[in-house]
Amino acid sequence: MNSLPSALPLRRWRALLPAVALVLCAHASAKDLARVASPDGALVVTLESQHEDRLAYRVERGGKPVIAPSRLGFLLGDGRLERNLQLTGQSSRSFDETWEQPWGERRLTRNHYNELRASFAEKASGGRKQGRRFDVVFRVYDDGLGFRYEFPKQDGGNGEVRIRQELTEFAIARPATAWWIPAFEWNREEYLYSRTPLAEIGVAQTPLTLRTDDGLHLSIHEAALVDYAGMNLAKGDGGVLRAALTPGGGARGTAVVRAMPFATPWRTIQVGARAGDLAESSLILNLNEPNRLGDVSWFTPAKYVGVWWSLHLEQETWGTGPKHGATTANTKRYIDFAAANGFRGVLVEGWNPGWDGDWFANGWGFDFTRPTADFDLEGLADYAAGKGVHLIGHHETACAVSHYERQLPAALDLYARNSVDVVKTGYVCDAGDIQRQDQAGGPVSREWHEGQWMSNHHLRVVEQAAQRHIAINAHEPIKDTGLRRTYPNWVSREGARGMEFNAWGNPPNPPEHEATLAFTRMLAGPMDYTPGIVSLKGRGGQQIPSTLAKQLALYVVLYSPIQMAADLPEHYAEHPDALQFIRDVAVDWEESHVLNGEVGEYVTFARKARGTEEWFLGSAGGEQAHDLRVELTFLDPARRYRAEIYRDGERAHWKTAPFDFVRETREVTSTDTLPLHLAAGGGQAIRFVPMDSPVR
Ligand code: NOJ
Ligand code: CA
């Protein structure tokens, strides 16, 4: 190890010198302790002991460094836990299973990894008698790795661990381009992604996406964020990214307080040659615990419409009065529209008392247990049921989270009684301003959306909802870390700039936004982006930077098991061709593949619908036009298909000709190659329907 390859010409040596010096320094007194490789042998993780018995790990792929030696450890309430660490034992095992998702972007997922467990104890030193103990567990897959710390029950102290900061590092071994959003800013996750050199990252949220100068794609994130603070990444020296845990609120001043035994979330590094490898990886889901809810066939993946876009256009209001959106008559109109088009859900926002006046500031005034006088919840539920439609509930908390929790059982009971089986929740307030009140009438303290307390809050909601067979779609959520595997009623969430920004403008989401999301936010899990704005206009007629065809492509590109047809019924009436695709597109998939893509430039997904033989293709472009070609090898070679193509016309451009749109059909087989023309800000959507005549 660490022997210098002598065959390198001098010229290349010079270029490498700074990096080599760094590695040599870090390795000056390093000693390898343990090693584990991925099932295919390409990814290798090595644990090493450094100066003063500090602990570090490094990662190589095909023999080349991906993660340079990176420290592990903690800043605890009773001092740093990072020096004098002695390996007391290690074990390894292999695991290989294929598990089934009740709904998802693929039905079957292979969970195949090699695991290393290394146990450490602090040597007695500096007056500290009792050595603290913990394990580090690595799971190495072909498409990346996860590691976590586990604290066993141990003597001494009060059995509690107070974590002020994690000292976990990710030292990216090569210069890289990064796509990231800032952490700790007021608008939570709702920022445009910055594309910068790795060196220019400030404090970023995860998932954070990187492309190294030798073309490798990486994503750093976490899996199974349970009873713990969300991890951000702060740029340190060189290529080092350091864990920056979200602080705890109130007087605690500590990010995490846990009783032993406990395990941290998994720290994850996805690794792929193509950008698409990141989007195809199931690493995050695999690192979560299996389904705890048992049979969840009561959740139906479906499309929905609702009183939503008109609120953001300011045509209607959440509050009561002459423009109130959630009235009985208006909701009936949406139910009729849903029934006529085969959409299962109708979302109604502004149905309950509390919205009048400045609702942002009125969280403690929300009542989730009764409707406003002009909204006949029971009558509408019956009316919907008669047409095979379900109301979708809405709980906007405006961050008065304890107030919401107190009403939660009654609020969910009310919905369950009225066949509402999906509830959209909301946490609108500035970052760090979640309001927590442990006892009614007691003091109110402030928490972060991504802190330990909120990680528990969301699971309290999800568990109570599951008891009533209700699914949750959280807006202004805590980030997704794959918990839908364990709680398959946590079906979707926001957690990025969604379509609402296109209603508001100032500025709208730029043309490359969705091709960036596909390789950043979407690596965390499903997003309720709410596509399908076929009018391509926001508030005051402001143009949305998208072509019509791209709005359709988003149903395939941005995965969610609930997908909104977000525009107004009268706008769909003006675009019957586009509406046809939205009616036809599936929301639950047997398998999903990324055919091509570059972060922020373009991306093409092919997905096979679950329960039918249909395939769908969605391709979303960015600022520049692209002419791509895709081989249809994913199709069943024994079948012919009618390809129903919805594409940008020759003149299409998001700015000058967004409605230049072509709908055409072609007969294709798996041996065909299709041209994909994506206009600037454009896209393409295709439905492949098997034909009766098989291929001979
Ligand atoms: C923000 C959500 O993202 C949006 O969808 C919702 O309409 C408003 N909050 C009101 O709850
Ligand atoms: Ca939002």
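Right above here is the structure, for reference.
Figured I'd write up the structure that's included with this text. (Residues numbered from 1 in each chain as written. Chains lettered and ligands numbered in written order. Predicted model: local features only at pLDDT ≥ 70, side-chain atom pairs only at ≥ 80, totals over all residues. Heavy atoms only, no water.)

1. Regarding the side chain of His626
With respect to the helices, strands and loops of the structure, His626 is situated in strand β35 (residues 626–631). Here His626 is in contact with Glu601, Tyr602, Leu676, His677 and Leu678, once residues within four sequence places are set aside. (Helix = DSSP H or I, 4+ residues; strand = E, 2+ residues; numbered from the N terminus. Contact = heavy atoms within 4.5 Å.)

2. Description of unusual backbone geometry
Note the cis peptide between Thr206 and Pro207, where omega equals 0 degrees. Within the secondary structure layout, Pro207 lies in the loop between β15 (203–204) and β16 (208–212). With an omega of 0 degrees, the peptide bond running from Met260 to Pro261 counts as cis. Of note, the phi angle at Arg188 is positive, near 55 degrees, even though the residue is not glycine. Along the chain, Arg188 turns up in the loop between β13 (176–180) and β14 (194–197). Unusually for a residue other than glycine, Thr530 sits at a positive phi of about 65 degrees. Inspection of the secondary structure puts Thr530 in the loop between α10 (513–517) and α11 (548–557).

3. Details of the site of ligand 1
Lining the immediate environment of ligand 1, one finds 14 residues, of which His312, Glu349, Glu396, Lys424 and His475 sit closest. Contact distances for ligand 1 include 3.2 Å between an oxygen atom and a side-chain N or O atom of His394. When isolated, ligand 1 has an accessible area of 290 Å², and the protein chains bury 96% of it. Taken together, the residues that form the shell around ligand 1 break down as five nonpolar, three polar and six charged. (Near = heavy atom within 4 Å. Polar contact = N/O pair within 3.5 Å; in protein donor to acceptor, adjacent residues only side chain to side chain. Areas by Shrake-Rupley, 256 points an atom, 1.4 Å probe, with all protein chains shown as cover. Nonpolar A, V, L, I, M, F, W, Y, C, P; charged D, E, K, R; others polar.)

4. Quick look at the sheet that holds strand β3 (residues 54–61)
Pairing between the strands of a sheet is mediated by backbone hydrogen bonds and can be parallel or antiparallel. Spatial strand order, β1-β2-β3-β4-β12-β19-β18-β15: eight strands in an open sheet with antiparallel pairing. Bordering the open sheet on either side are β1 (31–37) and β15, each of which pairs with just one other strand. Where β3 and strand β4 (residues 64–72) come together, six bridges link them in antiparallel fashion. Each bridged residue has a counterpart across the sheet, and for Ala56 the counterpart in β4 is Arg71. (Pairing = 2+ DSSP bridges.)

5. Description of the sheet that holds strand β32 (residues 589–598)
Ordered in space as β32-β33-β34-β39-β36-β37, the six strands form an open sheet in which the pairing is antiparallel. Edge positions in the sheet fall to β32 and β37 (661–668), since each has one partner strand and no second. Across this sheet, the average inter-strand angle for adjacent strands is 15 degrees, counted without regard to direction. The sheet contact formed by strand β33 (residues 602–609) and strand β34 (residues 615–621) spans seven bridges and is antiparallel. The residue of β34 that forms the bridge with Arg607 is Phe616. Sheet contacts for helix α13 (residues 576–584): β34, β36 (641–648), β37 and β39 (683–690); angle to β36, the most-contacted strand, approximately 130 degrees. (Axes fitted to C-alpha atoms, helices over the stretch in contact; angles between N-to-C directions.)

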